[in-house]
Amino acid sequence: MDFLLNNLLTILILLPVIGAVLTIAHQAFWKQESHLKWLTLGWTTLTFLVSLLMFSSTAAGPSGYFFEQNVPWIKAINANYHVGVDGLSFWLIILTTFIMPIAVLSTWHAVEKRPTAFYVFLLLLESAMIGVFVSLDLLVFYLFFEASLVPMFFLIGIWGGANRIYAAVKFFIFTAFGSLLMLVAIISLYFLYADQTGLGGSFDLVAILNAMNTGNLVIAPQTGMLLFLAFALAFSIKVPLFPFHTWLPDAHTEAPTAGSVILAAVLLKMGTYGLMRFNFTLFPEQSRELAWLFITLAIIGIIYGALVAMVQPDVKRLVAYSSVAHMGFVILGMFSFTEIGMQGAVFQMLAHGISTGALFLLVGFIYERRHTREIKEFGGLANIMPIYATIFVITTMSSIGLPFLNGFVGEFMIMLGMWKSTILGITSGVNWNYIAVMLAGTGVIFAAVYLLWMVQRVFFGKVTKDENRTLSDLSYREIGLMAPLLVLMVYMGVYPTPFLKRMDDPIKAIHERVMQRGGGTVAKQDIEPAPQTDAVGMNR
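What you are looking at is a predicted structure, and each value in this text was computed from that prediction instead of being measured.

Brief notes about the pairing of strand β1 (residues 66–74)
Relative to strand β2 (residues 79–85), β1 runs antiparallel, the two sharing six bridges. Following the sheet pairing, P72 is matched in β2 by N80. Hairpin connection between β1 and β2: a loop of four residues separates the two successive antiparallel strands, and N78 in this loop has a positive phi of roughly 60 degrees.

Put into structure tokens, the structure is as follows:
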């Protein structure tokens, strides 16, 4: 047991890889394709069960991380295999390992072409995603971040819809371009550390932050801004933040159901996680300076995503655009730079992963039966599929943010945090933080409009298509898939304390870090301009 706990994160990364290798070996020797889904389900379930051992953590190490491992990897460039977990990454790892068996089960009767490759890519993708959330070495983080692109590229490109090649290439080009700029910034940090400390270069996040805290590493403002933008661009594309969102609807629409679920539940969170883990801690000054820009783009994304979702004729594409709006709320909470807003942002990441992942599963269920996602092709399904309709409506309410469901908690905390924030300041008697909250609040109203209107057209009224009269309701397998997601929607909405408590310490640490300047806490007047000014509510 000691060996397991001491190497827990490494084991979590390796288990899916071992599963992928054994899946290939099984098919090479036994050629039983019907066994592949069971093997993959077994490995993803085992990974989830092992990840639950993270709940046994009692005390963090000297760096503030649990289950930390730091061993030399490439000595010539002083690159270490440094992994660890804190309250920020804890729930994202659990979300990853939890969603993967559900994604595998969703493909039970859907994958007929190249099943070996499909399940291998799913397992490799899980390994890369876990690696992203545990990496504390910038080079290791970059490698895992890039590695997650390849399996998803093939999942979309081989098993996707009619326009799968276009969607896959667009997804890869967008994300790879941002990642390459981040690599340049990582290399620049490496040499800055080497030049100023005299200790040789380092990719280690903890070492770099320690050097900055002690004054041994000082990044000039202009250099810091360039590095901040390089990191931020990579993460903003991954979120995706408006106007870098255009790859997402195509990727979601063309991806197989499992790919859409993983993309919504986990991959998008890599962007918001990266902003909090790296941009806020390495470049706090620049994070504050450009907060107005990110808040503005987040609000545009919230409203734009909702309005475009409202006119979509395809259910899956509607849900895809809803992700643009929901992730805008996450960005808004993060850049409020209040503890409650930042906690709400992390909670919303989890809530979005559960509710939107569930919506994509439900869309996949009906697509398998009707081979269409066009809203006009449905109508009156509640009469034919009452269980399906009931679960769909509950999931929709969670996505809208109905009280006592998980979507409400995160959005409420985000708007409360933004309301209490002083980051945008007051100009000519106008509190721009209040304006930001009011504009973002319209996104909640629009969400109710486009989701409830879609529900009305799909499930209520008369059955207008004869093809729908013979549709079967959800099977026991499909109900079993949805059951844990429904339980989490209610549990997180009624009793969010366990989730918030575990993320409390790292959020406080990041908040303290980002709100410091020159070793001292930023005073209110430093981030809130004087009442009489020519500025347009933007803190520069």
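Still more to cover.
A look at helix α16 (residues 315–334)
A rise of 1.5 Å per residue sets the reference length of α16, with its 20 residues, at 28 Å; its end C-alpha atoms lie 29 Å apart and thus fit the reference within 8%. Across the 20 residues of α16, 19 count as buried, placing the element largely inside the fold. One side-chain oxygen of the residue at the start of α16 lies 2.7 Å from the amide nitrogen of K316, identifying that residue as D314.

Focus: the environment of T296
In this fold, T296 is placed in helix α15 (residues 291–310). Along the sequence, T296 and W419 sit 123 residues apart, while their C-alpha atoms lie 15 Å from each other. In terms of polar contacts, T296 uses its side chain to reach the backbone carbonyl oxygen of W292, at 2.7 Å.

Details of the nonpolar core
Counting 196 residues, the largest nonpolar core has M54, M334, F335 and L485 as its most contacted members. Counting residues per element, this core draws most heavily on helix α17 (residues 339–370), which supplies 16 residues. Look past the residues within four positions of M54 in its chain and what remains in contact with it is L8, L9, L12, F67, V85, F90, I93, I94 and R502.

Regarding the packing of aromatic side chains
This structure, assessed with the given rule, holds 39 aromatic pairs. Look at F145 and F235: their rings are 5.8 Å apart centre to centre, the planes differ by 85 degrees, and that puts the pair in the edge-to-face class. Taken together, the residues F145 in helix α6 (residues 138–147) and F235 in helix α10 (residues 221–238) connect sequence positions 90 residues apart. For the residue pair F145 and F235, the accessibility class agrees, reading buried in each case. What links up through ring pairs into an aromatic cluster is the set F141, F145, F228, F231, F235, F278, F280, F283, F294, F335 and F337.

Some points on the packing of helix α12 (residues 257–267) against α17
Axis separation between α12 and α17 bottoms out at 8 Å; the angle between their running directions is 165 degrees. Judged by the inter-axis angle, α12 sits roughly antiparallel to α17. Considering the relative orientation of α12 and α17, their crossing is right-handed. Between α12 and α17, the residues in contact are T257, S260, V261, A264 and A265 and H352, G353, T356, G357, F360, L361 and G364, respectively. Split into classes, the residues belonging to the contact of α12 with α17 amount to five nonpolar, seven polar and no charged.

Criteria and cut-off values
Residues numbered from 1 in each chain as written. Predicted model: local features only at pLDDT ≥ 70, side-chain atom pairs only at ≥ 80, totals over all residues. Heavy atoms only, no water. Pairing = 2+ DSSP bridges. Helix = DSSP H or I, 4+ residues; strand = E, 2+ residues; numbered from the N terminus. Expected span 1.5 Å × (residues − 1). Buried < 20%, exposed > 50% of the residue type's maximum accessible area, 1.4 Å probe, protein only. Polar contact = N/O pair within 3.5 Å; in protein donor to acceptor, adjacent residues only side chain to side chain. Core = buried A, V, L, I, M, F, W, Y, C linked by side-chain atoms within 4.5 Å. Contact = heavy atoms within 4.5 Å. Phe/Tyr/Trp six-rings, centres within 6.5 Å; stacked < 30°, edge-to-face > 60°. Axes fitted to C-alpha atoms, helices over the stretch in contact; angles between N-to-C directions. Parallel < 35°, antiparallel > 145°, perpendicular 65-115°, else oblique. Left-handed = near helix turned anticlockwise from the far one by under 90°. Nonpolar A, V, L, I, M, F, W, Y, C, P; charged D, E, K, R; others polar.

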